[in-house]
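Structural description and commentary
Each chain, written out:
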Amino acid sequence: MSVATDLALTVKNAVVTFPVGSGRIHALDDVSLHVGLGEAVAVVGESGCGKTTLARAVLGLQPLDSGAIDVAGRAVRKPEPGLAERVGMVWQDPFASIQPMWRIRRILEEPYRLARKTPQVTELMDMVGLDPKLADRYPHQLSGGQRQRAAIARAISLRPPLVICDEPTAALDLSIQAQILNLLKDLKASTNCSYLYISHDLQTVRYVSDRIVVMYMGQVVETGPTEEVFQNPRHPYTKALLDSAPGIEKIGMLPAEVSGEIPDPKQVIPGCKFASRCTKAQNRCREERPEWTEQGTRGERCFFPLSTIND
Ligand SMILES: Nc1ncnc2c1ncn2[C@@H]1O[C@H](COP(=O)(O)OP(=O)(O)O)[C@@H](O)[C@H]1O
Ligand SMILES: [Mg+2]
């Protein structure tokens, strides 16, 4: 298979299932997406839709049942030492990204050491707005925001073309969240990195991403340029998600009154997985699985997409 080199990430028909009781959950159910070099792509969807499984798969931490993942033009199969030069990771909890028992200096030197490169800790700390005097502290001696800055510094240390952020601000105070989002934006401008930015928080997604990928129960149901999708969602699930966002304190779940019956994730659903909650659903939606269709920069998995205002 030839690989386009202008892509930071390609995920093709990725399937990940987990055994649960007597059945299996499709955490990723035929997921395909890409991130261009220098592009910030947000993956949004309710809790449990498969976002973290996707991140773990891209890092080689989660094997695929089938499908393929390329980072910067090379296949990912398992965690390999050189992978840190192609992809950096920022988790929601900075302690998951950095060694809690090490001083900041050692945490930031480690990726260089593994890659046999000269550490540039002071420069790195400057880049993420951390006072280099903090290099001799332990992570627990930093504030939550400073710790996340250190985790971001570690992720970008080897200048990977792709940085994955999984709910990077969810554990932070609101005022700190904005600072971290601004830092991510500034770093993208200064290093030209690409982001796979995972969040259930639509406001932050709108702020940081160029393009949005909406997931529902392990499937991509819609994609498009962020502003276009926010203004004219085509999948009824996207619209329900946007309508449910009650400002800044949202939890990224559909409100109970529009949520309908949520299917058992172990159940094999013959039609559209959102049909049981969709106000537009017709018989066909319950009987037949909608294929992925694309038109220009937009794509969706829906038999009856909402028409756009500019149609
Ligand atoms: N290791 C695991 N074993 C069993 N089920 C899992 C495992 N990891 C995730 N899942 C299930 O896979 C689905 C997707 O989970 P996850 O990727 O964490 O979603 P998200 O990050 O969007 O909240 C959920 O139903 C979750 O319970
Ligand atoms: Mg998650």
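Because the structure is a prediction, the values reported are computed rather than measured.

**Notes on the site of ligand 1**
Taken together, F18, I25, A27, E46, S47, G48, C49, G50, K51, T52 and T53 make up the full set of residues adjacent to ligand 1. Contact between ligand 1 and G48: an oxygen atom at 2.6 Å from a main-chain N or O atom of the residue. In the model, an oxygen atom of ligand 1 is placed 3.1 Å from a nitrogen or oxygen of the G50 main chain. In the complex, the protein chains occlude 61% of the 560 Å² of accessible area that ligand 1 would expose alone. Of all the elements in the fold, those that place two or more residues in the shell around ligand 1 are β2 (23-36) and α1 (51-58). Among the elements that take part in the shell around ligand 1, α1 stands out by supplying three residues, more than any other. Grouping the constituent residues of the shell around ligand 1 by class yields four nonpolar, five polar and two charged.

**Looking at the pattern of salt bridges**
Taken as a whole and judged by the stated rule, the model has 19 salt bridges. Of the charged contacts, one joins R159 and E123 as a salt bridge, the two residues approaching to 3.9 Å between their closest N and O atoms. Remark: E123 occurs in helix α4 (residues 121-127) and R159 occurs in the loop between α5 (144-156) and β7 (162-166); sequence separation between them is 36 residues. Relative accessible area serves as the criterion here: at 35%, R159 is assigned to the partly exposed category. Across the pair D131 and K133 runs a salt bridge whose closest N-O atoms are separated by 3.7 Å. One network of salt bridges, with partners in common, ties together D29, K273 and R289.

Scoring rules and cut-offs
Residues numbered from 1 in each chain as written. Chains lettered and ligands numbered in written order. Predicted model: local features only at pLDDT ≥ 70, side-chain atom pairs only at ≥ 80, totals over all residues. Heavy atoms only, no water. Near = heavy atom within 4 Å. Polar contact = N/O pair within 3.5 Å; in protein donor to acceptor, adjacent residues only side chain to side chain. Areas by Shrake-Rupley, 256 points an atom, 1.4 Å probe, with all protein chains shown as cover. Helix = DSSP H or I, 4+ residues; strand = E, 2+ residues; numbered from the N terminus. Nonpolar A, V, L, I, M, F, W, Y, C, P; charged D, E, K, R; others polar. Salt bridge = Lys/Arg side-chain N within 4 Å of Asp/Glu carboxyl O. Buried < 20%, exposed > 50% of the residue type's maximum accessible area, 1.4 Å probe, protein only.

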